[in-house]
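Architecture and fold: a report
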Amino acid sequence: MDSILKIEHVSKTYTGHKALDDVSMEIPRGSIYGLLGPNGAGKTTLIRVVNHMTIPDCGKVWFEGHEITAEDIYQIGYMPEERGLYKKMKVGEQAVFFARMRGMGRQQAVRKLHEWFDRLGLIDWWDKKVEDLSKGMAQKVQFITTVVHEPKLLIFDEPFSGFDPINADLLKQEILGLRDRGATVIFSTHNMESVEEICDDITLINKSHNILSGSVEEIRRKAGGNTFQVLYSGTHEDFCAAVTGKANLIGQSEGVIGGYTQQKIHIASDDDVRAVIGSLNDSVNLRSFQEIIPSMNDIFIRAVNGTL
Amino acid sequence: MNNKIGLIVEREFAERVRKKSFIVSTLLTPLFMIAMMVLPSVMMLKGNSDTKNVVVIDNSPEQFVGKQLTSGKTVAFNLLPEGETLGKARMEHKSEYGILVIGNDILDNPQNLQLILNDASSMSVEENIQSQIQGILRTERLKRYDLENMDQILADANVRVNSLQTLKNNEQEDDDNMERTSTAASWGLGLILGMLLYFILIVYGQQVLQSVIDEKQTRVLDVMVTSCTPFELMMGKILGIAVVAALQIVIWAVLIIGASAFVMPLVAGKLGVDTAAIAATAASSGSELAGIVGKFTDVSFLASWNCCSIS
């Protein structure tokens, strides 16, 4: 795997509290990586370690194949959880300031920022003070100042908090766009829908440990465990006869609109799925046959509760 | 690196100078400081403009002290006849400013004096009484020696070394032209600059601190720390605030000098107050600082600024 960032056995203890305990993970270049976990799990601490804001007690952080140094932070864009903006400063002026702090020239910064502001619908607010903006708009401004200098690695701490569905979708599209232009994105979130929609890989941290890592698709599939939802019309007996020996029924059957019956089944082996479909098709009027893949929300809850 | 420090300096400066509170504090602070120094003297002087009536019970032989007391703008004396009792006087003269009681052994025991007050005490009244009686007793004691031309002898013997001319050594053997220095001005300047230093350290140091606290609370610090080194950040803040401080001090200096030279005499004239009197009162009140400031209100003193040098 070509990884842009590698975290190896990192631990960090604050007075009386272990924030990170032997956490390791690898972030593939050009991916969108989700950092999940309950409140207080250690996500922000991990982000600070990656950012070189905090030095871990032990373990190493590798960036672009070498141990991370102070200079590397200029290639990382970081957006903290709470607003990181000067309240009394004008929006446009502030954005230019941050862009120039990251090495952009004034004219280039103004030009690029105008493009971003236009795209996210903020151009009318260029001369307003940050304290006059709503939370969502300030968050958008923050986002722009983080990405304008086009860093290789972007880290967002809870980027969707405070966004209505429309703006959340807008942000998702922008993150995908950044990925398409070659950046790697890490973001921590509680918004599981966004994780399902745009994350390639995730790490789930709970009580300072890494308890789950891998690609979203794989994790969901493994957690799914070959459970299927069948919609049919016909007798229950014919149905049972068709699946005997290949699948087990889960729960009761339910009558649904249209006169169909709904039934969950579990197929032990992947190889039997086709046979079951064929058998059912012969015995009953099959309306739909769908794999039930657990949502990330369910997986999150089950993993944190230890029932995954 | 310098570019980043420059950016932060620019931002800190612009943020502070644009605030309304900057303009207010820059203009009001010197006014406040001048008022604090000058108002007490002005008030004292205004308070003293009424003539105080003092009733005198003189127990000295033939009332020689009381008869020589002269009334003036500050105090008017009313010598009561011999034999008048203090108790009666205290009842009858309640509306006067006070009752001065002179003991009968005053010539040998000059401390046997009492001033019973019906009103608030006044330093100028006390000084008037003290200096007059001092003079009277002195003359009387000298008379006891019965020397001819006593006054002339005393005038001759009274030498005053008023001002020691101080010059700075130019370390040249042949050149006798040396620069005059002024100890009083140097001392005054040292005092003022010392106070200014404390003021600057506290006020502007506090601003640097507050700036960091604000950035920490708004999480801007998280973003800044990922954009520059802590050294660049602090240097930028300190330099930015230092530039603001320098600007404010220059404006204050211009305002204070302008006020002393031109505005003060005008204002004082309007109030019906003599600037020289302010200086005198301020000086005589015993406050050395007020005395120095009294000098500052004297325009001619400003001319001698050129003469002073700080070694």
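Residues numbered from 1 in each chain as written. Chains lettered and ligands numbered in written order. Predicted model: local features only at pLDDT ≥ 70, side-chain atom pairs only at ≥ 80, totals over all residues. Heavy atoms only, no water.

**A closer look at the side chain of Q142 of chain A**
Checked against the element boundaries, Q142 of chain A lands in helix α4 (residues 135-147). Judged by its relative accessible area of 1%, Q142 of chain A is buried. If we ignore the near neighbours within four places in the chain, the residues touching Q142 of chain A are M79, P80, E82, R83, G84 and L85 of chain A together with V223 of chain B. (Helix = DSSP H or I, 4+ residues; strand = E, 2+ residues; numbered from the N terminus. Buried < 20%, exposed > 50% of the residue type's maximum accessible area, 1.4 Å probe, protein only. Contact = heavy atoms within 4.5 Å.)

**Notes on the pattern of salt bridges**
Tallied over the full model, the rule gives 27 salt bridges over all chains. A salt bridge links R29 of chain A to D2 of chain A; the nearest nitrogen and oxygen atoms lie 2.7 Å apart. Remark: D2 of chain A occurs in the segment before β1 (3-14) and R29 of chain A occurs in the loop between β2 (17-28) and β3 (32-36); sequence separation between them is 27 residues. Classification of R29 of chain A as partly exposed rests on a relative accessible area of 36%. Where R179 of chain A meets D180 of chain A, a salt bridge forms, and the shortest distance between an N and an O atom there is 3.3 Å. Given a relative accessible area of 22%, R179 of chain A falls into the partly exposed group. A network of salt bridges, in which partner residues are shared, links R11, E12, E15, R16, E215 and K237 of chain B. (Salt bridge = Lys/Arg side-chain N within 4 Å of Asp/Glu carboxyl O.)

**With respect to the sheet that holds strand β4 (residues 58-63) of chain A**
Residue and element names in this part refer to chain A. If you trace the four strands from one edge of the open sheet to the other, you get β2-β1-β4-β5, paired in antiparallel fashion. The outermost strands of the open sheet, each flanked by one partner alone, are β2 and β5 (66-67). By the bridge criterion, two bridges tie β4 to β5 in an arrangement that is antiparallel. Bridge pairing links W62 to E67 in β5. (Pairing = 2+ DSSP bridges.)

**Quick look at the packing of aromatic side chains**
Remark: the centre distance and the inter-plane angle together describe each pair of aromatic rings, the angle taken between the planes. Residues and elements named next belong to chain A. Evaluated as defined, the whole model comprises ten aromatic pairs over all chains. Plain terms: the ring middles of Y86 and F98 are 6.1 Å apart, the flat faces sit at 10° to each other, and that makes the pair stacked. Of this pair, Y86 sits in the loop between β6 (76-79) and α2 (91-101) while F98 sits in helix α2, placing them twelve residues apart in sequence. Each member of the pair, Y86 together with F98, is buried. Among the aromatic residues, those joined into a cluster by ring pairs are Y86, F97 and F98. (Phe/Tyr/Trp six-rings, centres within 6.5 Å; stacked < 30°, edge-to-face > 60°.)

**Side note on the interface of chain B and chain A**
Taken together, the contact between chain B and chain A spans 19 residues of the former and 22 residues of the latter. Summed over both partners, the interface of chain B with chain A buries about 2100 Å², with 60% contributed by carbon and sulfur atoms. Summed over the shared surface of chain B and chain A, the number is three salt bridges. Its salt-bridge partner being D222 of chain B, residue R48 of chain A comes within 3.3 Å of it at the nearest N-O pair. Contributing elements (two or more residues each) for the side of chain B that touches chain A: α1 (2-17) and α8 (220-225) of chain B. The class makeup of the residues in the side of chain B that touches chain A is seven nonpolar, four polar and eight charged. (Buried area = accessible area lost by both parts, 1.4 Å probe. Nonpolar A, V, L, I, M, F, W, Y, C, P; charged D, E, K, R; others polar.)

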